[in-house]
Amino acid sequence: APAPSAPAALRGHIVTFRGNPFLMPPHDALVDEPDGLVIIAGGRITHAGAYDDTIVHLPPGTTVTDYRGCLISAGFVDTHVHYPQLPMIAAYGEQLLEWLERYTFPTESRFGDDAYATTIARKFLGELLRCGTTTAAVYCTVHPQSVDAFFGESTRLGTLMVAGKVLMDRNAPDYLRDTARSGYDESRRLIERWHGRNRQHYAVTPRFAPTSTPEQLELAAALLKGDDTLFMQTHLAENRAEVAWVAELFPDSRSYLDVYDRAGLVRPRSVMGHGIHIDEHDMCRCHESGCALAHCPTSNLFLGSGAFRLFDAMDARRPVRTGLGTDVGGGTSLSHLQTMNEAYKIAQMTGKRLHPVQAFWLATQGGAQALHLDDRIGTVAAGMDADLCILDPNATPLQALRAQMCDSTADVLFTLMMLGDDRSIRATWVGGRLAHDRDSGGTTGI
Ligand code: GUN
Ligand code: ZN
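All figures in this text were calculated on a predicted structure; none of them were measured in a lab.

### Brief notes about the domain arrangement of the protein chain
Its domain assignment divides the protein chain into domain 1 (8-74 + 379-440) and domain 2 (76-314 + 324-345). On a C-alpha basis, the centroid separation for the pair domain 1 and domain 2 is 30 Å. If you look at the interface, domain 1 gives 17 residues, while domain 2 gives 18 residues. Those elements giving two or more residues to the side of domain 1 that touches domain 2 turn out to be α16 (409-419), β15 (425-430) and β16 (433-437). Residues that form the side of domain 1 that touches domain 2 fall into these classes: 8 nonpolar, 5 polar and 4 charged.

### Things to note about the sheet that holds β16
Ordered in space as β3-β2-β1-β4-β14-β15-β16, the 7 strands form an open sheet in which the pairing is mixed. Each end of this open sheet is capped by a strand with a single partner; those strands are β3 (44-50) and β16. Going across the sheet, the axis of each strand differs from the next one's by a mean of 35°, ignoring polarity. Where strand β14 (residues 388-391) and β15 come together, 4 bridges link them in antiparallel fashion. Bridge assignment links L388 to a residue of β15, and that residue is W429.

### Some remarks on the confidence of the model for the protein chain
Looking at the protein chain, the pLDDT average stands at 97 and 99% of residues meet or exceed 70. The ipTM assigned to the predicted complex is 0.99, against a pTM of 0.98.

### Brief notes about the site of ligand 1
In the neighbourhood of ligand 1, the contacting residues comprise H82, L96, L100, T104, R207, F208, H235, E238, S299, D327 and G330. Counted by class, the shell around ligand 1 contains 3 nonpolar, 5 polar and 3 charged residues.

### Here's the deal with the packing of helix α6 (residues 180-194) against helix α7 (residues 214-224)
Interaxial distance between α6 and α7 falls to 9 Å at its minimum, and their mutual angle equals 20°. Accordingly, the angle class assigned to the pair α6 and α7 is roughly parallel. Handedness of the crossing formed by α6 with α7: right-handed. Of α7, the residues touching α6 (which contributes A180, G183, Y184, S187, R188 and I191) are E215, Q216, L219, A222 and L223. Class assignment for the residues of the contact of α6 with α7 results in 6 nonpolar, 3 polar and 2 charged.

### Side note on the pairing of strand β7 (residues 160-164)
When you tally the buried positions in β7, you get 5 out of 5 residues, the bulk of the element. Residues L160, V162 and G164 line one face of β7 and the alternating positions M161 and A163 line the opposite face, and both faces are buried. In terms of strand pairing, strand β6 (residues 133-139) meets β7 through 5 bridges, oriented parallel. The partner of A137 across the bridge, within β7, is V162. One crossover worth recording links β6 to the parallel β7 by way of helix α5 (residues 144-157), and it is right-handed.

Calculation rules
- Residues numbered from 1 in each chain as written.
- Chains lettered and ligands numbered in written order.
- Predicted model: local features only at pLDDT ≥ 70, side-chain atom pairs only at ≥ 80, totals over all residues.
- Domains from an automatic or database assignment.
- Contact = placed C-beta atoms within 7 Å.
- Helix = DSSP H or I, 4+ residues; strand = E, 2+ residues; numbered from the N terminus.
- Nonpolar A, V, L, I, M, F, W, Y, C, P; charged D, E, K, R; others polar.
- Pairing = 2+ DSSP bridges.
- Axes fitted to C-alpha atoms, helices over the stretch in contact; angles between N-to-C directions.
- pLDDT = per-residue confidence, 0-100.
- Near = placed C-beta within 6 Å.
- Parallel < 35°, antiparallel > 145°, perpendicular 65-115°, else oblique.
- Left-handed = near helix turned anticlockwise from the far one by under 90°.
- Buried ≥ 20, exposed ≤ 12 C-beta atoms within 10 Å, placed from the backbone.
- Right-handed = clockwise from strand over helix to strand, strands pointing away.

Below, the structure written as structure tokens:
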């Protein structure tokens, strides 16, 4: 793990949140400090506020990095992504179930090789930092080595990550199957090795209901028993053919969510990818249980899965914890700016308007709440971990032209989410240290 970080300070336009902009007017939820200062020590934010008020707290001798002209945001939180699928991003032509067979399973078969897994984990984390993402809930593969490789690289960078070994004991090629028992034992060992060590968190990860026997789902729940700090992640109701298959495999369950619920997997710190084809009963169950949904717009469009009902999920009468996920390699970008762009377009298709303050909230504080990590990450405020991304609204000539028309912070955010990508990320700070600097080339610290 990296040595303790030196004191640091960043000057720029702070954008963060004091509440959920789906449940209050967006402008009331936004904390907007055009000339702000963030002071960092020991990997945490010690002060954040207006430059003139905050400069008095600057420890003598601390260098102030000047990001004026850029926004200072909390690092993005990706609530659903598969690191082993990075090499097969943008695979042509199929919807979910055929895509898994044709592209995903063969790609994942290589992660029993430590060296290969480490190489891809390193590239993946480097890409996340280039995109301003500092925390992610990550699927590894069925191989325990894929988890060691991922957490090993994350520990080296000092990133706060959630990840776990995929559990899959049926309906998958034999070279990718575990058994209910071996999956349990291997997961247990990985939990002991990694969970709560440095900034690493373990997620029990049954891939989805079709690839786990009821026995494996029960054992997944047994792994969680007695430790509220463990995560659980899986896929839920992404694709119509998948939903029909689950109904066949689990004829006694009321719904797809109910399969997980009967096993004891619907709880706080459970993160369900997609949740497109679910009904009101299931939305209520998500609300009351504290489990979360990961909205993965680029994936849902790419795989033709359907339109997630974001504003239904956020219904003030029973709001469901919801974050954004890139779902690479089903998703086509690791950038949360691109992900917000496509979330906006899906909302348009369903007759709703995703306000830029809502989109950026989902990418930061909302994602942190979905993971029950909002006491540590997702907000730029004193006491929070110093995981930050610096956004440049003038990253390209076109964006600079459009930026001249902006007359509000909300419009600056909107142009970033519609036109921005990794070029818009001027820098990324992790645990109080500079982890990516666009203009110095490459990723710092790798
Ligand atoms: N459902 C089960 N496995 C996967 C996967 O790897 N990606 C996506 N998008 N959906 C899945
Ligand atoms: Zn996925």
